[in-house]
Amino acid sequence: MADRLTQLQDALDQATTQFYCAIRYISTRHEPVALGEEPTVKDENVTPDDPATFEVAKAELAKDLIMKSKQIELLICSLPGIGVSEDEQQERLRSLEKELQEAEAERKQAVEEKEDMVERLDTVIRSIRRV
């Protein structure tokens with residue numbers, strides 16, 4: 001699974017696509033309407049849906065956009081550091097740095113122990129060969 005920031009970027013990309021699709025649908029499936037006293041002009045590229053279908057589709061598009069917005073909001077709220085002061089973040093970084101140094105020291109000690117065991121094993125194997 002991707003990290004939260006990648007999930008957020010993906011969700012924003014999806015929201016952008018949904019906005020584009022919603023605008024495209026509305027602009028190509030609407031009934032022509034007169035503006036003020038101007039006569040109604042029909043666009044040959046527009047194939048209007050019947051009003052009931054158009055309203056249902058608009059409601060579904062709106063619902064999808066709202067759900068995607070809520071998903072984005074949840075992802076933003078789950079990002080690390082949201083609601084945490086800069087000082088608290090700095091302290092957390094120092095704590096993690098200390099843990100990392102301790103883990104590195106343990107790793108070095110384990111490597112030294114491994115090398116010592118290899119030397120001892122090598123000595124035992126050589127003594128067995130001599131016998």
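A. The nonpolar core, seen in detail. Leu8, Ala11, Ala15, Ile72, Leu75 and Leu79 together form the largest nonpolar core, which totals 6 residues. Sorting the residues of this core by element identifies α1 (4–29) and α2 (51–77) as the ones contributing at least two each. Ranked by the residues each element gives to this core, the list is headed by α1, at 3 residues. Once residues lying within four places of it in the same chain are set aside, the contact partners of Leu8 are Ile72, Leu75, Ile76 and Leu79.

B. Quick look at the environment of Pro32. Here Pro32 shows up in the loop between α1 and α2. Contacts of Pro32, omitting those with residues within four sequence positions, involve Thr40, Val41 and Lys42.

C. A look at the side chain of Asp49. Looking at where Asp49 falls in the secondary structure, it is placed in the loop between α1 and α2. Classification of Asp49 as buried rests on a relative accessible area of 18%. Only 2.4 Å separates the side chain of Asp49 from the side chain of Tyr25, close enough to count as a polar contact. Excluding its chain neighbours within four sequence positions, the residues that come into contact with Asp49 are Tyr25, Arg29, Glu31 and Phe54.

Conventions adopted
- Residues numbered from 1 in each chain as written.
- Predicted model: local features only at pLDDT ≥ 70, side-chain atom pairs only at ≥ 80, totals over all residues.
- Heavy atoms only, no water.
- Core = buried A, V, L, I, M, F, W, Y, C linked by side-chain atoms within 4.5 Å.
- Buried < 20%, exposed > 50% of the residue type's maximum accessible area, 1.4 Å probe, protein only.
- Helix = DSSP H or I, 4+ residues; strand = E, 2+ residues; numbered from the N terminus.
- Contact = heavy atoms within 4.5 Å.
- Polar contact = N/O pair within 3.5 Å; in protein donor to acceptor, adjacent residues only side chain to side chain.

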